[in-house]
Amino acid sequence: MPSNRLLIFSPTAFHPAGHQQSYLTGLGDALARRGMEVHVHGLAGSVRYPASIVPHMVGKDTGSGFRSEYRERWGPLGDVVWGTARLTRQLRLLNALEHVHDALGGPPLLFETFEYLSLAAHLSRAPRAHRRFCIFHDTHFNLTHASPLAGAYKLLARPFARHILRSVDRCFVHASGMRENLLENLDPGQGCADKVEVLPYGAPHPDTLTSVDRATARAGLGLQTQRKLALAFGTLRADKCFRLVFEALARRPEWELLIAGPEGDVSYRELQALIEQTRVRERVHLFPGFVPMEEHPRFFWAADAVLNLYDESIRHESGTAHLARAFLRPIIAGGPPDLHRYVQETGAGWSVAPLTAGRLAEVLGQAARLGEAERREMEQRIHAAAVERSWDAVASRVVTALGPGGDFPSRTSVSGQAVHSQ
């Protein structure tokens, strides 16, 4: 077996939702450029990856099942039904993982996303004959979440997440504040502190992209506006402060808003109701549905700034905030301390603190008044941050973490061959 093989577990990697396509494509391609043989294991879906990433899909493509759909059908019990279905799917996927892992010769495993209860159970019974790594994209295990059910689940998941932390060789988080929060929640005795590493959330190097002027990008989206345009990109979630955004937009007539992404625990029907209540319908443009990677550029090139606002209790990173770097777009950030710290350290945008509609309106005014010389200086700062945190830089850190001799003697050699289980 090649000593440079890596198997990545990512349940929704092949589903048209969430961050997985851009995250795994960026990381996987960069690892492949360093000689790694990258395999990805997940539930069958329609998303495809570059030839440098070997797919291993399980089951049949049954669609993504958005949380908003469960809520509309089941009401208050929708989150419970959705969560139960998610747990069941991941248990089946983890059972299939053992087959794929053995067929590949037992390489190191990276758990990129996962459900806590099922992964903890898997790690309890799986023999530890290989190295295991995981990424915590969210480190808040308490009751301060967008819904009481979400908070209850995260609190319930705390001991299972603690078991995961103790069962892996290295755990990655995306910012220093996330690391502090994870250890405070799961490891107050600091027994696992040495295995928790800050790994930047990567994005494409800006010099690898073909620039498109704003007018051309907007025309491609059917937008003819001469106003400033803010972009809210990604899955619709209750913690993204949409009401606050619309209230601030109502105070800034020089701005329009572009919203693109799939439904999560918020539906476009709910957004439409908020838009009507705040009377901004003529200045909000909705592009519902998952946006594949090849379509990212037309949205980011069309924007003057990218909104990254979350409830202040949130402790995760925004993939959209980092993707904005690749297109040299400034961000307007609010909520998680690490987002504020990122803006302060890089000068890649503006912070909204306190997180109120009034303060956001003030920041939108500042962004609208940005002169050409100031804009060029900001783009230079964003470019520097993008180079430092590019996928190539992230992949170098992962390769270092894997270290020499990254796997164990192989029983079977399978070179670049996909495994598909029904």
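Our subject is the structure listed above.
None of these values were measured; they are calculated from a predicted model. (Residues numbered from 1 in each chain as written. Predicted model: local features only at pLDDT ≥ 70, side-chain atom pairs only at ≥ 80, totals over all residues. Heavy atoms only, no water.)

1. Overview of the sheet that holds strand β5 (residues 132-135)
Link 1 in the chain: One open sheet accounts for 7 strands, arranged β3-β2-β1-β4-β5-β6-β7; its pairing is parallel. Two strands bound the open sheet, and with one partner strand each, they are β3 (53-58) and β7 (196-198). Direction aside, the axes of adjacent strands within the sheet are offset by 25° on average.
Link 2 in the chain: Pairing of strand β1 (residues 5-9) with strand β2 (residues 37-43) involves 5 bridges; the strand directions are parallel. Within the sheet, the bridge partner assigned to Leu7 lies in β2 and is His39. (Pairing = 2+ DSSP bridges. Helix = DSSP H or I, 4+ residues; strand = E, 2+ residues; numbered from the N terminus. Axes fitted to C-alpha atoms, helices over the stretch in contact; angles between N-to-C directions.)

2. Concerning the sheet that holds strand β11 (residues 305-309)
Within a sheet, neighbouring strands are paired by backbone hydrogen bonds and run either parallel or antiparallel to one another.
Link 1 in the chain: Spatially, 6 strands are ordered β10-β9-β8-β11-β12-β13 in an open sheet, and the strand pairing comes out parallel. Strands with a single pairing partner mark the edges of an open sheet, and in this sheet they are β10 (284-288) and β13 (349-351). Taken pair by pair, the neighbouring strands of this sheet meet at an average axis angle of 20°, ignoring direction.
Link 2 in the chain: Across the sheet, helix α10 (residues 268-278) is in contact with β9 (255-261) and β10; its angle to β10 comes to roughly 175°.
Link 3 in the chain: Across the sheet, helix α13 (residues 337-346) touches β11, β12 (331-334) and β13, and the angle it forms with β12 is around 140°. (Contact = heavy atoms within 4.5 Å.)

3. Structural notes on the nonpolar core
Link 1 in the chain: Among the nonpolar cores identified, the biggest contains 66 residues, and Phe246, Leu257, Ile259, Phe299, Ile331, Ile332 and Leu360 are the most heavily contacted of them.
Link 2 in the chain: Beyond its immediate chain neighbours, meaning those up to four positions away, Phe246 contacts Leu257, Ile259, Leu271, Leu274, Ile275, Thr278, Val280 and Val284.
Link 3 in the chain: Within the second largest apolar cluster, 35 residues are counted, among which are Leu7, Phe9, Leu43 and Leu109. (Core = buried A, V, L, I, M, F, W, Y, C linked by side-chain atoms within 4.5 Å. Buried < 20%, exposed > 50% of the residue type's maximum accessible area, 1.4 Å probe, protein only.)

4. Points about α13
Link 1 in the chain: Every buried residue of α13 is listed here: Asp338, Leu339, His340, Tyr342, Val343 and Thr346.
Link 2 in the chain: Contacts made by the buried residues of α13 are with α7 (176-186), β11, α12 (319-326), β12, β13 and α15 (372-388).
Link 3 in the chain: Once α13 finishes, Gly347 follows within two positions and takes phi at roughly 70°, a positive value.

5. Examining the pairing of β1
Link 1 in the chain: Within β1, 5 of the 5 residues are buried, which leaves it mostly tucked inside the rest of the structure.
Link 2 in the chain: Burial of the side chains of β1 extends over both faces: Arg5, Leu7 and Phe9 are buried on one face and Leu6 and Ile8 on the other.
Link 3 in the chain: Viewed along the sheet, the connection from β1 through helix α1 (residues 20-33) into β2 turns out right-handed.
Link 4 in the chain: Pairing of β1 with strand β4 (residues 109-111), which is carried by 3 bridges, proceeds in the parallel orientation. If you follow Phe9 over to β4, its bridge partner there is Phe111. (Right-handed = clockwise from strand over helix to strand, strands pointing away.)

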